[in-house]
Protein chains: 2
Amino acid sequence: MKAIRGKIANRALGPGDRLPSIRAFAKTMQVSPSTVVEAYDRLAADGDIRAKRGSGFYVSTTALPPLTLAEDLPRTERAVDPFWVSRQSLDADPTTVKPGCGWLPADWMPHEDLRRALRNVARGEGPVLSDYGSTRGSIALRRLLMGRFADEGIEVFSEQLMLAGSGTQAVDLVCRFFLRPGDTVLVDDPCYFNFRALLRAHQVKVVSVPYTRSGPDIPSFEATLAAERPRLYLTNSALHNPTGATLSANTAHRLLNEAAAHDLIIVEDDIFADFEPEPSVRLAALDGLNRVIRIGSFSKTLSASARCGYIAARPDWIADLVDLQVATSFGGPSPVAAQLISGVLASGSYRKHMEGLRRRLAGARQKTVDTLRPLGIEPWLMPRGGFYLWCRLPDGYDSADVARTSLAKGVVLAPGNVFSASQTATSFMRFNVAHCDDPIVAEILQQSLQRCAPSSL
Amino acid sequence: MKAIRGKIANRALGPGDRLPSIRAFAKTMQVSPSTVVEAYDRLAADGDIRAKRGSGFYVSTTALPPLTLAEDLPRTERAVDPFWVSRQSLDADPTTVKPGCGWLPADWMPHEDLRRALRNVARGEGPVLSDYGSTRGSIALRRLLMGRFADEGIEVFSEQLMLAGSGTQAVDLVCRFFLRPGDTVLVDDPCYFNFRALLRAHQVKVVSVPYTRSGPDIPSFEATLAAERPRLYLTNSALHNPTGATLSANTAHRLLNEAAAHDLIIVEDDIFADFEPEPSVRLAALDGLNRVIRIGSFSKTLSASARCGYIAARPDWIADLVDLQVATSFGGPSPVAAQLISGVLASGSYRKHMEGLRRRLAGARQKTVDTLRPLGIEPWLMPRGGFYLWCRLPDGYDSADVARTSLAKGVVLAPGNVFSASQTATSFMRFNVAHCDDPIVAEILQQSLQRCAPSSL
């Protein structure tokens, strides 16, 4: 490779020139022809030369354009809409601090368990590496999920369960199945911002009900069902995003009765469930997967890179959702991804990993409260688990202003209104306690608060 | 694990009973406490016992339901619609022979290259294993793709390229972006059956033009554009699915002029391009990614399990498509999958692998023709490459009948009308030559032809 690169550099070989034949060059270099083939193929992969089918190798006429992280950096002038936090945090410069993001720092994740599971996949059956998955996805992972459902007291038959490309893709698939443009969908206020981005893509009308410390406000829920007749309700039950609140048994029961009275379908996104210190009431369990559709994934606890989610619901819905998934993504979710996840789960290491995370998060939660309080930023409630703190800024501050100001200094925050369909969370902000350890967070927050002080003060 | 299972089997431990404490059982078994923890965690993963958070381990009260491949088997009574082939082949019993399927046999795939690349991922950076990808996907893979585009003579800037969850998901994303229910979309007749399934999910009107040996029939294409004003045209240029035909330069040029005159957007799905003996003309190259959107993946050549596709198009469209992908699947496609694919590509082994596949397929193509001819089944044309043969059955036969009859005997075929929007391919059938080697194929085909002989004979 070095010899050829040298010839190109000193112009012994110009753009478009044919490279020496494999045999001739092997003789020149006193190596085997297969070594030359490998060198040529690697040079071609690097873009220095190109292989023409059935003809040979030629020096590239156009250099491969450089491509660096810098080109992917998000535009900072974007509107603070439901995409804002995701785009700013997914594509952030690695030096950016991200108290606004929705995942744990990489070094909190069980890399050794993932490496071991991935090595097992590499050693395992060939078809898992190369073939399309079955339409419902890996049997091993579905069986493990059924065991987890049984632990929750939900009996899930195999025809009630399918894997999907991710938790988000699972929600999206359900929305595609039930919704038509112009339909109405109910969300919590505040709710996970990407529910809003997703529903916008579905061109539906979004209505919202205030979320209280024990779940959606039931009188408001009832009135909205009667007035708006929403087709779907999207929610998180355990450790609600962004508030960290927990649905109470009584609210869950009343909510389900209202849903039945108005023929509402409920999508319960359970993605934060494993962060609870002990399981709370779940709509899917009360309802027995009748009108509740359970969705989840291991993106927050094991790997967001593997991309694997699931849907548990009525068998007739699952059958149609499987067809829809075949039409829109062909085959089930990645067998490699499913085997990576099921490998970690089956090894038994997941429970210890989650125990460790819960312990660590409890400490981080308290520490973040202690950091924010001197700035006048107060948690709306102290969550039982998870990594979010939904906080109120001092009176009069606009959290979007604070977020924009902080972004310019390399700190991504999550301003309240990206979570609020009614745009009533101007003074709120969601903090990810696992990303608040860096002293820069308090420092930049303080500067931004000073800069954004309400003009009336 | 054996000791606890024994206690459960002989009822020393009953459903719901608490297991011995870690410490006590470690002493009994004369092993370390950590060994007991691991055994308990594995038993819990297997569903024999369960862990209650903060409380201990208990014998499961409900056994994990068995879950076997048999439960996933497709229903054979399904209608022969665009989903038929995919459901029958994706979920087929492993003993089923699948001349109707759209992929190569597992043992034709480069498992050693994939294993090596996967081991490298397992050894690599932790965040790749655990974190969300950037919204446009892996830089390494995008750079390799840009090199491949340069080889084709298409200059693609970084803001014109994004990765997607798969080739199908790429087509779906483009359709979501451009189409609204009731819009009109143009396809070839015949075309890839899943385009039909996908467009059905989008609730659009599908119109089609006959596909000739050199591309779509241009007079018919022109008339359809004028009369129906389709918004999009979905097609494969190189080695068209199912016919194996190649678009000619003249047809490509005329087609693009018609598209410009009627403001038609073209989605060129290039998934079979690497199977061509030498590259043919491409719409994306002629058009310079103006109104043509290039889509592709490595599902047919490297791994359908890794799930990774791409979209190259105008920068303003890519920016919006990236937002839509964030809304509907959050984050870019799996970093693990992208690194697996880019690892194989960068190693340089891909070219040799593809050379081998092309050689092997050329032999299989001729052999399949020789097998089918005595049955009166004739190829419509002899493709330059790829694994499909689009064949005509003897006069009067209905290929759907033949496919249904063969399915009952464990052979999945691909009857013509699943590919035909106009339902005019009753007497055609697509054969995957890489799956026609088993003598059972000719045997069952012959029996089915006898059984389905036209009544007029």
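Residues numbered from 1 in each chain as written. Chains lettered and ligands numbered in written order. Predicted model: local features only at pLDDT ≥ 70, side-chain atom pairs only at ≥ 80, totals over all residues. Heavy atoms only, no water.

This part covers the overall build of chain A. Counting its regular elements, chain A contains 17 helices and 14 strands. Each of the three principal axes of chain A carries a C-alpha extent, and together these read 85 × 60 × 45 Å. Per-residue burial over chain A gives 62% buried out of 457 residues. In chain A, once contacts between residues fewer than 6 apart in sequence are set aside, the share between residues at least 24 apart is 72%. Accessible surface, chain A as shown: approximately 16,800 Å² in total, 50% of it carbon and sulfur. (Helix = DSSP H or I, 4+ residues; strand = E, 2+ residues; numbered from the N terminus. Buried < 20%, exposed > 50% of the residue type's maximum accessible area, 1.4 Å probe, protein only. Contact = heavy atoms within 4.5 Å. Areas by Shrake-Rupley, 256 points an atom, 1.4 Å probe, with all protein chains shown as cover.)

So, about the interface of chain A and chain B. Interface size, as often reported, equals the accessible area lost upon joining of the parts. Facing the 108 residues of chain A at the interface are 108 residues of chain B. Interface area for chain A against chain B, summed over the two sides, is near 8,900 Å², with a carbon-plus-sulfur share of 56%. For the pair chain A and chain B, the interface holds 8 salt bridges. On the surface where chain A and chain B come into contact, there are 44 residue pairs in polar contact (both at pLDDT 80 or more). (Buried area = accessible area lost by both parts, 1.4 Å probe. Salt bridge = Lys/Arg side-chain N within 4 Å of Asp/Glu carboxyl O. Polar contact = N/O pair within 3.5 Å; in protein donor to acceptor, adjacent residues only side chain to side chain.)

Further remarks concern the UniProt feature "domain: HTH gntR-type" (unreviewed entry) in chain A. Listed under "domain: HTH gntR-type" (unreviewed entry) in the UniProt record, and renumbered for this structure, are residues 1–62 of chain A. Taken end to end, residues 1–62 of chain A comprises 48% helix and 13% strand; its first and last C-alpha atoms sit 18 Å apart. (UniProt positions renumbered as here; feature names shortened; annotations may be inferred.)

Below, the discussion takes up the relation of the copies chain A and chain B. Expressed as a screw transformation, the operator carrying chain A onto chain B has a rotation angle of 180° and an axial translation of 0.0 Å, and the superposed copies differ by an RMSD of 0.1 Å. Between the two chains, the operation in question is that of a two-fold axis. Relative to the rotation axis, the C-alpha of Arg-119 of chain A is the closest in chain A, positioned 2.9 Å from it. A high fraction, 100%, of the interface residues of chain A reappear at the interface in chain B, so the copies pair face to face through one surface. (Least-squares fit on C-alpha atoms with pLDDT ≥ 70 in both.)

Residue and element names in this part refer to chain B. With 4 of 5 residues buried, strand E12 (residues 388–392) lies mostly within the body of the structure. In terms of strand pairing, strand E11 (residues 378–379) meets E12 through 2 bridges, oriented antiparallel. Bridge pairing in E12 places Glu-378 opposite Arg-392. Judged from the 5 bridges that link them, E12 and strand E14 (residues 428–432) form a sheet pairing that is antiparallel. Directly across from Tyr-388, in E14, lies its bridge partner Asn-432. (Pairing = 2+ DSSP bridges.)

What follows deals with the nonpolar core. With 280 residues, the main nonpolar core has Ile-311 and Phe-431 of chain A together with Ile-311 and Phe-431 of chain B as its most contacted residues. Leave out the neighbours within four places in its chain, and Phe-431 of chain B touches Pro-99, Leu-372, Ile-377, Phe-387, Tyr-388, Leu-389, Cys-391, Leu-413, Cys-436 and Leu-445 of chain B. (Core = buried A, V, L, I, M, F, W, Y, C linked by side-chain atoms within 4.5 Å.)

This part is about the sheet that holds strand E9 (residues 292–297) of chain B. All names here are of chain B. Reading across the sheet, the 8 strands line up as E3-E10-E9-E8-E7-E4-E5-E6 and stay open at both edges, with mixed pairing between neighbours. Strands with a single pairing partner mark the edges of an open sheet, and in this sheet they are strand E3 (161–164) and strand E6 (215–216). Where strand E4 (residues 184–189) and strand E5 (residues 205–212) come together, 6 bridges link them in parallel fashion. In the sheet register, Leu-186 faces E5, and the bridge partner there is Val-207. Packing against the sheet, helix H7 (residues 139–152) makes contact with E3, E9 and strand E10 (309–312), and its axis sits at approximately 120° to E3. (Axes fitted to C-alpha atoms, helices over the stretch in contact; angles between N-to-C directions.)

Now for the environment of Gly-356 of chain B. Residue and element names in this part refer to chain B. Take Gly-356: it is sitting in helix H15 (residues 349–372). Gly-356 sits in the partly exposed class, given a relative accessible area of 23%. Separated by 248 residues in sequence, Gly-356 and Trp-108 place their C-alpha atoms 9.4 Å apart.

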